[in-house]
Amino acid sequence: MGAPIKFLHTADLHLKRDEPFRLNVLSWIVSKTEKLANGLIIAGDLFENDIEASFLRGKVREIFERINPLPILIIPGNHDSLAYSPETHYGDNVILFSEGPSKIKIKGIKIAGIPFHPQLDFSQCIEKLEFESKPDVAIAHGTLYDKKFPEIYTELEEEAKYMPIYSWHVEGKMKYLALGHYHSRFIQVGFGKTQVVYPGAPLATSRRSVGKRFVALVQIEKDGEVKVEKIPVEISSYWKKIEWMVFPGKEEKKLEEIDREIKRLACKKVMLEGKIKGSIKMGEREFRDRVKEIEEKYRSSFKCIHLLCEIKHWAHLIQNPTVALFMEKLRGKNYDDLLKERALELTLSALEKLRK
Ligand SMILES: [Mn+2]
């Protein structure tokens, strides 16, 4: 029994000229491959589109060939399906699965690549490739429909229709399915002995890329066992989202809490999006100014920081002694803040109607 074979698995870099940092991330991943693995898998959407691919191909080839002869396996995704043709050269160590589903062997590991194609059906591709024996690794770009992870098909919206993949297409058909297409986060799921992984985009492609970015390190033992490890992409910044709930009369305390929490999260890699919800007694302008002050104070501690106020002000009603008493009682209750806010909102809007 020989040494296990390891691959680094990524997808969805969406390289384009006006985001030059993305090439640095590719370069980081390629160096990491040399340190940790025997090859790199890119499961689609390496480029934003085929035009960007034409402009960036030279730079990308230079990065890939730095680790020659370690193999780099690439399948086209829905964004860059036109970026690869027999005439394009991505580097001597690049293995492209662009001319339809096909299979190769690397150090005894059977690998099936299924390029994205609007008319291709994942299950048919897998069946066809199984001619002599099942592949160890399959690479594809599409939408996994599994009720444990509804966010995959809901977040992808209209892009969710691309190459649907169901558990019964996967279970027992390969040992590891390397997927691309879902950007937001790292997802690993097992169907029987088959491990399926979306590494998520290794860089924040949109505000939905919440949390640290990762690539997958997959290890295939000669006895067939598969181990998956999450490797953080240290150079990539990422979004972090927080929500706060403010209660009338508790503005000062909440502002202090917000300040403290933001201070604790300070990091140059973090893009912070904070939302402040609830109701206030303090003037709206004053409250917003105070929030702006906090934003300014920590601007240089983050990659970027946005604090949004979604607050309601009940100008007249909260002067009313009965309402004040109600709020006092509600505040003393040991309920969840969200529930208190909802109770207050319902009561105040009902009273507002009575006044008219
Ligand atoms: Mn895609």
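Residues numbered from 1 in each chain as written. Predicted model: local features only at pLDDT ≥ 70, side-chain atom pairs only at ≥ 80, totals over all residues.

> Explain the overall build of the protein chain to me, using residue names and the numbers behind them.
Of the regular secondary structure elements, the protein chain holds 9 helices and 17 strands. Considered along the principal axes of its C-alpha atoms, the protein chain spans approximately 80 × 40 × 40 Å. (Helix = DSSP H or I, 4+ residues; strand = E, 2+ residues; numbered from the N terminus.)

> Please provide a residue-by-residue account of the domain arrangement of the protein chain, values included.
Considered domain by domain, the protein chain is made up of domain 1 (5–232) and domain 2 (238–355). Here the residues of the side of domain 1 that touches domain 2 are counted per class, giving 2 nonpolar, 2 polar and 3 charged. (Domains from an automatic or database assignment. Nonpolar A, V, L, I, M, F, W, Y, C, P; charged D, E, K, R; others polar.)

> Could you give an account of the pairing of strand β3 (residues 72–75), naming the residues involved and the relevant values?
Burial of the side chains of β3 extends over both faces: Ile 72 and Ile 74 are buried on one face and Leu 73 and Ile 75 on the other. Running through helix α2 (residues 50–65), the crossover from strand β2 (residues 39–43) to the neighbouring parallel element β3 is right-handed. Bridge count between β3 and strand β4 (residues 94–96): 3 bridges; the pairing is parallel. Directly across from Ile 72, in β4, lies its bridge partner Val 94. (Buried ≥ 20, exposed ≤ 12 C-beta atoms within 10 Å, placed from the backbone. Right-handed = clockwise from strand over helix to strand, strands pointing away. Pairing = 2+ DSSP bridges.)

> Break down the nonpolar core for me, citing the residues and quoting the values.
In this structure, Ile 139 and Ala 140 are the most contacted members of the largest nonpolar core, which totals 69 residues. Every residue in contact with Ile 139, bar those within four places of it in the chain, is listed here: Ile 41, Ala 43, Leu 73, Ile 75, Phe 97, Gly 113, Ile 114 and Ala 178. (Core = buried A, V, L, I, M, F, W, Y, C linked by C-beta atoms within 7 Å. Contact = placed C-beta atoms within 7 Å.)

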